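Here's the letter readout for the chains.
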Amino acid sequence: MTEHEHKFAITQQQLAHIGEGAVAYMREMDAEDLQGKFPGMPDLKPGTRLWALFGADGQPILLADARDAALAGAMQNDLETVSLH
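The written sequence of each chain sets the order in which its residues are numbered from 1. The predicted origin of the model limits local features to residues at a pLDDT of at least 70 and limits the giving and counting of side-chain atom pairs to 80 or more, whereas totals for whole chains, interfaces and linings rest on all residues. To obtain the side-chain values, all non-hydrogen atoms of the structure were used and water was disregarded.

Caption draft 1: Focus on helix H3 (residues 67-76). Three labels apply to residues, based on accessible area from a 1.4 Å probe with only protein chains included: buried if under 20% of the type maximum, exposed if over 50%, partly exposed otherwise in between. Numbering of helices and strands runs from the N terminus, with a helix taken as a DSSP run of H or I at least four residues long and a strand as a DSSP run of E at least two residues long. Restricting attention to buried positions, one finds in H3 the residues Ala70, Gly73 and Ala74. The arc that holds every buried residue of H3, seen down its axis, measures 100 degrees, which confines them to one face. The outward face of H3, more than 90 degrees from its buried face, is lined by the exposed residues Asp68, Met75 and Gln76. Residues count as neighbours in contact if any of their non-hydrogen atoms are within 4.5 Å of one another. Packed against the buried residues of H3 are strand E1 (23-30), strand E2 (49-55), strand E3 (60-64) and strand E4 (80-82). Backbone geometry just downstream of H3 places Asp78 in the positive-phi region, at approximately 55 degrees. Directions pointing from the helix axis toward each C-beta atom define the arc.

Given below as structure tokens:
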């Protein structure tokens, strides 16, 4: 390590809060996967696919039937969206 390199220790809890309130991610999901992420969600026809918006910490924010609608929800909440591959 050179004199200008620094190492920082970060806890898993601190890492989970990076981007909180500012960053969100969108994901297209099927009805079965959504049941586990959105408690209390009504039953959907098997095979139904919706777009889910999650906060940086993985908390569900909203569901939409179209990608554009989920993106609009992120913009409405002043959230920067990121892609997951």
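So that's the structure; there's more coming.
Caption draft 2: Layout of the packing of aromatic side chains. Here a pair means two rings of Phe, Tyr or Trp (six-membered ring of Trp) with centres within 6.5 Å. Their orientation is stacked below 30 degrees between planes, edge-to-face above 60, and tilted elsewhere. Within the structure shown, the criterion is met by one aromatic pair. When the ring of Tyr25 is compared with that of Phe54, the centres are 5.2 Å apart and the planes differ by 20 degrees; the resulting orientation is stacked. One end of the pair, Tyr25, is in strand E1; the other, Phe54, is in strand E2, with 29 residues separating them in the sequence. With a relative accessible area of 18%, Tyr25 lands in the buried category. Among the residues examined, Phe54 registers a relative accessible area of 1% and is labelled buried.

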